[in-house]
Amino acid sequence: MVKKKVIGLIYHPDFLLHNQNYHPEKKERLEAIINLLHHEKLLTKLQLITPKVAKVKEVRTIHTANYIKSLRNMVKQGKAYLDADTYLTPYSYQVALLSVGGAITAMRMVMKETLKVAYVINRPPGHHASANRGMGFCLFNNGAIAAKLALTEFNIKRLLYIDWDVHHGNGIQQAFYHDPRVLYISLHENPAFPGTGAIEETGAGLGKGYNINIPLPPRCGDKEYQKAFTNIIMPAADIYRPELIMVSAGYDIYHQDPLGHMQVTYHGLATMTSFVKKIANQHCQGKIVLFLEGGYHLQGQAEAVTTTLSVLGNWRRPIKEEIIISSSSIKSEASQIINRIRRQSLPLLLKASDTIYRN
Ligand SMILES: [Zn+2]
């Protein structure tokens, strides 16, 4: 009997069609990942899945009909830019639908237990796209759409969404700001694009307490991210007891990334992945869906994605990189911020969980 592969890699060569050579968010990002996995003969360890385009009604769960229509029209008219950062090509609308399709396929396969873990190597990325506006290289919010469909199709009541991209995922925060069924936790550089993601943004209405922002100063490294996990994310997960975990995996936290200013190495990424895996094994039978977001150092990102997959799959692949130690001033600044968020977020989440469980 053929042994079932537990990790799925969701990829489509058409993800490369949305491209602009001189832009950091270009097709070579995915080519570098696939080439490295191929070169190291790791693709054979993965269940390779080719997704289909998402339906407009699926995209409508997060985006307004007006935005979807206007994006389609802009592409049809040959517009080259959605905004100053976000380019369009004649293929962009279809590829954006395919990128969403990848995210939805991954979620459904994990929920139906066809896969334990699904990693979507997709683009364009999604976490900045809000209901009525694409931005920050993102057209549709792949992760938010998949999360919304997990709530409606599988009746998920507690979805933990971790976003470790160096930028705040404003689109995901917005989508679930009033919704206790998604606990959104973002680690991001501050100050940085898009300017949202303050500690005080904790959710509203029934969603109060279910939004945790961890804005960190530039030049934080492995230890600071580890501390955020052990002091905030792990205890929050224990309070929340997720039924499914999603991750916006952005690799612009990598220390050589040209857009981010963090100092995270492959060791840090391996540690973060093992924390996510631990939460998943403890609370939701290992169910994790990961989406690629940013990450603009081509070889660094490819190696980082492979590191994440290696931890998820227990491949015991050695890490060839030195840890970078943060300066003492960064350490102490980050510590203060993390402690402050811990003191605020955990009691708030406990109180909110009490209210929900009583009702
Ligand atoms: Zn980013």
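It should be emphasised that the depicted structure is a prediction, and the values quoted were computed from it without experimental measurement. (Residues numbered from 1 in each chain as written. Predicted model: local features only at pLDDT ≥ 70, side-chain atom pairs only at ≥ 80, totals over all residues. Heavy atoms only, no water.)

**Here's the deal with the coordination of the zinc ion**
Threshold: Only N, O and S atoms count as donors, using a 2.8 Å limit from the metal and a wider 3.2 Å limit for Na, K and Ca, and since water is excluded some coordination spheres may look unfilled. When four donors show all angles between 85 and 135 degrees the site is tetrahedral, when four or six donors have opposite pairs over 155 degrees and all other angles between 65 and 115 it is square planar or octahedral respectively, and in every other case it is irregular. Strands are runs of DSSP state E lasting at least two residues, helices are runs of H or I lasting at least four, and both sets are numbered from the N terminus onward. Exposed residues in this analysis have more than 50% of their type's maximum accessible area, buried residues have under 20%, and partly exposed residues fall in between, with area computed by a 1.4 Å probe over protein chains only.
Of the protein atoms, only Asp165 (OD), Asp165 (OD), His167 (ND1) and Asp252 (OD) coordinate the zinc ion, at distances of 2.0 to 2.8 Å. Geometry at the zinc ion is irregular, judged from its four donor atoms and the angles of 52 to 154° they form at the metal. Of note, the zinc ion draws all its donor residues from one chain, in the sequence arrangement D-x1-H-x84-D. Remark: Asp252 occurs in the loop between strand S7 (244-249) and helix H8 (266-283) and Asp165 occurs in the loop between strand S4 (159-163) and helix H6 (170-176); sequence separation between them is 87 residues. One exposure class covers both Asp165 and Asp252, and it is buried.

**Some thoughts on empty space enclosed by the protein**
For clarity, the cut-off: A 1.4 Å probe that fits into a set of points on a 1 Å grid over the protein atoms alone but cannot get out defines a cavity; an open set with protein on both sides within 12 Å along at least five of seven lines defines a pocket, and lining residues are those with an atom within 4 Å of a point. Grid points are joined across faces, edges and corners, and a volume is the space filled by probe spheres set on the points.
Evaluated as defined, the whole model comprises one cavity of 30 Å³ or more. Considered as a void within the structure, the largest cavity measures approximately 40 Å³ in volume. Together, Ile199, Thr202, Gly209, Asn211, Ile212, Asn213, Ile341, Gln344, Ser345 and Leu348 line the largest cavity. Residue assignment for the lining of the largest cavity shows that the elements contributing at least two residues are strand S6 (211-216) and helix H10 (328-358). In terms of residues, the lining of the largest cavity owes the most to one element, H10, which gives four residues.

**Side note on the sheet that holds S4**
For clarity, the cut-off: Strands are labelled as partners when DSSP assigns at least two bridges between them. Interaxial angles span 0 to 180 degrees and are taken between N-to-C directions of axes, which are lines fitted to C-alpha atoms, for helices over the stretch in contact. Note on definitions: a residue-residue contact is assigned when non-hydrogen atoms from the two residues lie within 4.5 Å.
The strand order S2-S1-S3-S8-S7-S4-S5-S6 describes an open sheet built from eight strands, whose pairing is parallel. Of all strands in the sheet, those bounded by a partner on one side alone are strand S2 (47-49) and S6. Across the sheet, the mean angle from the axis of one strand to that of its neighbour is 15°, orientation sign disregarded. Relative to S2, strand S1 (residues 7-10) runs parallel, the two being bridged by three bridges. Considered in S2, the bridge of Ile10 is made with Ile49. In this fold H8 packs onto S4, S7 and strand S8 (288-292), with an angle of close to 165° to the strand it touches most, S7. Contacting S1, strand S3 (117-120) and S8, helix H9 (residues 298-313) runs over the sheet at an angle of about 175° to S8.

**What about the pairing of strand S5 (residues 182-189)?**
Quick reminder of the rule: A clockwise path from the first strand over the helix to the second, with the strands pointing away from the viewer, defines a right-handed crossover.
For S5, the buried fraction is high: eight of the eight residues fall into the buried class. Side chains Val182, Tyr184, Ser186 and His188 project from S5 onto one buried face, and the interleaved Leu183, Ile185, Leu187 and Glu189 project onto a second face that is buried too. Pairing of S4 with S5 involves five bridges; the strand directions are parallel. Residue pairing across strands places Leu159 opposite Val182, the latter belonging to S5. Handedness of the β-α-β unit built from S4, H6 and S5 comes out right-handed. Pairing of S5 with S6 involves six bridges; the strand directions are parallel. Counted as the bridge partner of Ser186 is Asn213 from S6.

**Some thoughts on the layout of surface pockets**
The test is simple: Gly counts as polar in this scheme, as do all residues outside two lists: the nonpolar Ala, Val, Leu, Ile, Met, Phe, Trp, Tyr, Cys and Pro, and the charged Asp, Glu, Lys and Arg.
Here the second largest pocket defines a volume of roughly 170 Å³. As for the second largest pocket, its lining consists of 15 residues, and the residues nearest its centre are His128, Phe137, His167, Phe193 and Tyr296. Tallied by class, the residues present in the lining of the second largest pocket amount to six nonpolar, five polar and four charged.

**Re the pattern of salt bridges**
Applicable threshold: The salt bridge criterion pairs a side-chain nitrogen of Lys or Arg with a carboxyl oxygen of Asp or Glu, the two atoms within 4 Å.
As enumerated under the stated definition, the model contains 11 salt bridges in all. Glu40 is paired through a salt bridge with Arg317; the nearest N and O atoms lie 2.7 Å apart. Taken together, the residues span a long stretch of sequence, with Glu40 in the loop between helix H1 (28-39) and S2 and Arg317 in the loop between H9 and H10 at a distance of 277 residues. Of the residues examined, Arg317 reaches a relative accessible area of 17% and is grouped as buried. Across the pair Glu200 and Arg340 runs a salt bridge, and its minimum N-O distance is 2.9 Å. Residue Glu200 is found in the loop between S5 and S6, and its partner Arg340 is found in helix H10; the two are separated by 140 residues along the sequence. The network of salt bridges with common partners includes Glu25, Arg29 and Arg123.

**Section: helix H4 (residues 92-111)**
For clarity, the threshold we go by: Expected helix span is computed as 1.5 Å times (number of residues minus one).
Over its 20 residues, H4 extends 29 Å from the first C-alpha to the last, a length consistent with the 28 Å expected when each residue adds 1.5 Å. Counting buried residues along H4, 17 of its 20 residues qualify, which places the element largely inside the surrounding structure. Glu113 sits one or two residues past H4 and shows a positive phi near 65°.

**With respect to unusual backbone geometry**
Omega for the peptide link from Asn190 to Pro191 comes to 0°, which places this bond in the cis form. Inspection of the secondary structure assignment puts Pro191 in the loop between S5 and S6. Of note, the amide linkage connecting Phe193 to Pro194 takes the cis form, showing an omega dihedral of 0°. Positionally, Pro194 belongs in the loop between S5 and S6. A positive phi angle, close to 55°, is found at Asn155, a residue other than glycine. Relative to the elements of secondary structure, Asn155 occurs in the loop between helix H5 (142-154) and S4.

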